[in-house]
Amino acid sequence: MTFIRSERYAAGFLLIAGVLGLVMANLSFGPALIEAADTHLNTGLFGLDLSAKHWISDGLLAVFFFLIAIELKRELVIGDLNSFGKAALPALAALGGVVVPAGIYLLITRGSGLAAGWPVPTATDIAFALGVLAVFGRGIPTRVRVFLLALAVLDDLVAILIIAFFFTQDPQLQYIGFAAMAATLFGLTSRLLKPRAAWVLGRKPTWPIVLILTVLGVATWYFTYLSGVHATIAGVILGLVMARVPGGRTRHVLEPYSNAVILPLFAFSAALVAIPQVGLAELSPAFWGILVALPVGKLIGITLAGALGSLISRRPSGSKAGLKLADIVMVACLGGIGFTVSLLMGALAFAGNIEVVDEATLAVLLGSGVAILASAVVVSVRARQYRRAAETLHPAASPSTR
């Protein structure tokens, strides 16, 4: 399953699934497929009445957010966000990558009554952005990938907060309390899997602990769903409270399933949209706002904020460890790939208007497509520059000089 963990394959799975969903939705059987995805699967158990599409976006996608939260915790504890100095530059760049796209969207949609869609172009898809960098970035230094990863993780943290605070309807405090208790028990129980807790278990099997964690995780998700908070937030909470070492092992186990099943399934279901049979002038301002704000807004926002942060945090004596403007521009292009989280935000922002949801989905796919193409070019050019520089410094390693 090693290849499934690869960033380039994860991005490929996402792209294929998204394109396949859009194509199939516009074939002769497309309407029936869309209707099937929207059909509610009422299990009759515990008051759960969700459509097939919502079981994916509210249920399975919580696992993806769980893995994001584990990665975020690792970065905050021992990674590249564990100090103010390390976090300052990606944090400032991430802030610019949220504020500017949101501002462009609001400017384009002013007076249309569609301002609720401002969060849609603020997200960056970690899997896709890293995948494009992996495919076209041979020779790019590790520090650039680290910067992109840190920026994308912080960007997703902002997206999580937006989902929690702006898309929560009529919160039920009692269920929030139950979810908090289940999550607390989950976090405490996960400590039993830490190496230092081996004296508690001795040589006993760990599967009972894993079973208890699974039950507590499902309970946290269930109470979060009933509380009115978007159910994917449960995954975030569980990832943050889980002990770091067991969390890392859990992420290693679940990552292939997230890359090969959960994310492609979500991309496929979210892309099941019939292309509107209307002229360009009849498309809603939300479509144009997202289409422009996602690739262009991210490029401008991350570049300006990242350049400012680079000047502020510049090391003395011109250290080569810093990021050059060309690197920041390259990361800014990659930041415009919204895809997964942007698709989710679009569905949440325009939940009461199916036509606008469809147009927002198309705008996210097209805007991300523009960002993918631009990133492929920019990353390829920058990677070639780094390889040439390496050959100049180490001519013996160059094939032409052997």
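Residues numbered from 1 in each chain as written. Predicted model: local features only at pLDDT ≥ 70, side-chain atom pairs only at ≥ 80, totals over all residues. Heavy atoms only, no water.

The chain carries the name Na(+)/H(+) antiporter NhaA in an unreviewed UniProt entry, which gives Cryobacterium adonitolivorans as its organism. Taken directly from UniProt, the Function (unreviewed entry) text for the chain runs: "Na(+)/H(+) antiporter that extrudes sodium in exchange for external protons." UniProt's Catalytic activity (unreviewed entry) comment on the chain is quoted here verbatim: "Na(+)(in) + 2 H(+)(out) = Na(+)(out) + 2 H(+)(in)". (UniProt positions renumbered as here; feature names shortened; annotations may be inferred.)

Caption draft 1: Main features of the environment of Val-144. With respect to the helices and strands, the residue Val-144 is situated in helix α7 (residues 142–166). The exposure class of Val-144 is buried, given its relative accessible area of 1%. C-alpha separation for the pair Val-144 and Asp-327, spaced 183 residues apart in sequence, amounts to 6.9 Å. With residues up to four places along the chain from it excluded, the contact list for Val-144 reads Leu-323, Asp-327, Met-330, Val-331 and Tyr-386. (Helix = DSSP H or I, 4+ residues; strand = E, 2+ residues; numbered from the N terminus. Buried < 20%, exposed > 50% of the residue type's maximum accessible area, 1.4 Å probe, protein only. Contact = heavy atoms within 4.5 Å.)

Caption draft 2: Region of the structure containing the pattern of salt bridges. What the rule picks out here adds up to six salt bridges. Of the charged contacts in the structure, one is a salt bridge between Glu-75 and Arg-74, with a shortest N-O distance of 3.4 Å. Looking at Arg-74, the relative accessible area reads 39%, which means it is partly exposed. Arg-251 is the salt-bridge partner of Glu-255, the closest N and O atoms lying 3.5 Å from each other. Separated by four residues within a single helix, Glu-255 and Arg-251 lie in helix α12 (residues 244–270), roughly one turn from each other. For Glu-255, a relative accessible area of 17% puts it in the buried group. Looking at Arg-251, the relative accessible area reads 24%, which means it is partly exposed. (Salt bridge = Lys/Arg side-chain N within 4 Å of Asp/Glu carboxyl O.)

Caption draft 3: Focus on the confidence of the model for the chain. Scored by pLDDT, the chain has a mean of 87; 91% of the residues are at 70 or more. Contacts from residues 316–320, a stretch scored under 50 in pLDDT, to residues over four places away or in other chains number one contact. (pLDDT = per-residue confidence, 0-100.)

Caption draft 4: Representation of the packing of helix α5 (residues 84–109) against α7. Relative to each other, α5 and α7 sit at 55 degrees, their axes nearing to 8 Å. Put simply, α5 runs oblique to α7. For the element pair α5 and α7, the recorded crossing hand is right-handed. Contacts between α5 and α7 involve Ala-87, Leu-89, Pro-90, Ala-91, Ala-93, Ala-94 and Val-98 on the former and, on the latter, Phe-147, Ala-150, Leu-151, Leu-154, Asp-155 and Val-158. (Axes fitted to C-alpha atoms, helices over the stretch in contact; angles between N-to-C directions. Parallel < 35°, antiparallel > 145°, perpendicular 65-115°, else oblique. Left-handed = near helix turned anticlockwise from the far one by under 90°.)

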